[in-house]
Amino acid sequence: MSAPVLAAYSYCEAITGQQARNFAYGIRLLPTPKRRAMSALYAFSRRVDDIGDGTLAPDVKAARLEDTRALLARVRDRSVDEDDTDPVAVALSHTADHFPVPLDGLDELIDGVLMDVRGETYETWDDLKVYCRCVAGAIGRLSLGVFGTEPGARGAERAPEYADTLGLALQLTNILRDVREDAEDGRTYLPADDLAKFGCSAGFDGAHPPAGSDFAGLVHFEVRRARALFAEGYRLLPMLDRRSGACVAAMAGIYRRLLDRIEREPEAVLRGRVSLPGREKAYVAVRGLSGLDARHVSRRTVRRRA
């Protein structure tokens, strides 16, 4: 690996270590080439997200996102030189040369962030799924391009579907965790149908649920939906090699524990961001490396076939 490419990856790893509080715990478990590739994907995705979350005017954000799409086109066309001044482009281009990552997934991410810029809301879960697939399902499929599947793994043709579904599970967990923060930014992600069903159409502008609402019922309803997505997405684990499976199990495990906390105390998400302490994240990472989750899924799949 040339010095410019190595420096580009180091830059992406620094961004990942500083900003990816949950993601970083998982990718630490990967061998160096895969860890670097995942950092390049994260750094590009972080750039897209930062544009969407920033304070620029919507038209300026849209223009910046299209500039980012043009950069992605250069990566896709293999027209980024090793001495390019953009280290993220250099690292991502090297990753695309060495792993079969579906770069169209990053186009989908840009499409999803443009939905945020336009202030789109979602009437039904089917509507919200479109957004979640853009901003999270696509990242699952891109990550699978780095992980790969084990030779001869049963059902491996469905691996992209499971990776996509796991991304949806993580994103719905994010949406529940960030209900108050998103409301303060003028964003509503939970489906309008669900909000109406539980008397929460007034939104969340304070530390308490809307008067007369069944906020706990809403949260528990969405938690059940997220759990079903996790259960389906976890079928990916036995198809991966040990360290890739550990990475996925660690990241997903952190979010499943967040979901547990949210379920136990729904109103906590209105008071501030729910998170896990570092020691608990470390425990989840060790559990992932042990392969316990993958073995559990494998046994459950065998029982279903029997």
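Going by the structure above, here's the rest.
Predicted, not measured: the structure shown is a model, and the values here were computed from it.

## Some details on the overall build of the protein chain
Link 1 in the chain: Secondary structure summary: the protein chain contains 15 helices and zero strands in total.
Link 2 in the chain: The C-alpha radius of gyration of the protein chain comes to 19 Å, within 12% of the 19 Å expected for a compact globule of 306 residues.
Link 3 in the chain: The principal-axis extents of the C-alpha atoms in the protein chain amount to approximately 60 × 55 × 35 Å.
Link 4 in the chain: With 306 residues in all, the protein chain has 51% of them scored as buried.
Link 5 in the chain: Of all intrachain contacts in the protein chain linking residues separated by at least 6 positions in sequence, the fraction that spans at least 24 positions is 72%.
Link 6 in the chain: Just so you have it, the protein chain exposes about 13,900 Å², and 50% of that area is on carbon and sulfur atoms.
Link 7 in the chain: Positive and negative side-chain charges of the protein chain, numbering 44 and 45 respectively, have mean locations separated by a distance of 9 Å.

## As for the environment of Asp182
Link 1 in the chain: Take Asp182: it is sitting in helix H9 (residues 179-184).
Link 2 in the chain: Along the backbone, Asp182 and Phe204 are 22 residues apart, and their C-alpha atoms lie at a distance of 9.0 Å.
Link 3 in the chain: When sequence neighbours within four positions are dropped, the list of residues in contact with Asp182 reads Arg187 and Tyr189.

## A word on the pattern of salt bridges
Link 1 in the chain: Following the criterion strictly, the structure yields 29 salt bridges and no others.
Link 2 in the chain: Across the pair Lys129 and Asp126 runs a salt bridge whose closest N-O atoms are separated by 3.4 Å. Of this pair, Lys129 and Asp126 are both found in helix H7 (residues 125-147), three residues apart, which corresponds to roughly one turn of the helix.
Link 3 in the chain: With a relative accessible area of 51%, Asp126 lands in the exposed category.
Link 4 in the chain: Two residues, Glu222 and Arg225, come together in a salt bridge whose shortest N-O distance is 3.1 Å. Here Glu222 and its partner Arg225 are both found in helix H11 (residues 215-233), three residues apart, which amounts to about one turn of the helix. Arg225 matches Glu222 in its accessibility class, with the two residues each being buried.
Link 5 in the chain: A network of salt bridges, in which partner residues are shared, links Glu66, Arg69, Arg76, Asp104, Asp107 and Asp111.

## A closer look at the packing of helix H8 (residues 159-177) against H11
Link 1 in the chain: Look at H8 against H11: their axes get within 8 Å of each other, and the N-to-C directions meet at 155 degrees. Here H8 lies roughly antiparallel to H11, going by the angle between them. With respect to the hand of their crossing, H8 and H11 are arranged in left-handed fashion. Of the residues in H11, those touching H8 at Glu161, Tyr162, Thr165, Leu166, Leu168, Ala169, Leu170, Leu172, Thr173 and Leu176 are Glu222, Val223, Arg225, Ala226, Leu229, Phe230, Glu232 and Gly233.
Link 2 in the chain: Within the contact of H8 with H11, the residues separate by chemical class into eleven nonpolar, three polar and four charged.

About the thresholds
Residues numbered from 1 in each chain as written. Predicted model: local features only at pLDDT ≥ 70, side-chain atom pairs only at ≥ 80, totals over all residues. Heavy atoms only, no water. Helix = DSSP H or I, 4+ residues; strand = E, 2+ residues; numbered from the N terminus. Rg over C-alpha atoms; globule rule 2.2 N^0.38 Å. Buried < 20%, exposed > 50% of the residue type's maximum accessible area, 1.4 Å probe, protein only. Contact = heavy atoms within 4.5 Å. Areas by Shrake-Rupley, 256 points an atom, 1.4 Å probe, with all protein chains shown as cover. Lys, Arg positive; Asp, Glu negative; His and termini not counted. Charge placed at Lys NZ, Arg CZ, Asp CG, Glu CD. Salt bridge = Lys/Arg side-chain N within 4 Å of Asp/Glu carboxyl O. Axes fitted to C-alpha atoms, helices over the stretch in contact; angles between N-to-C directions. Parallel < 35°, antiparallel > 145°, perpendicular 65-115°, else oblique. Left-handed = near helix turned anticlockwise from the far one by under 90°. Nonpolar A, V, L, I, M, F, W, Y, C, P; charged D, E, K, R; others polar.

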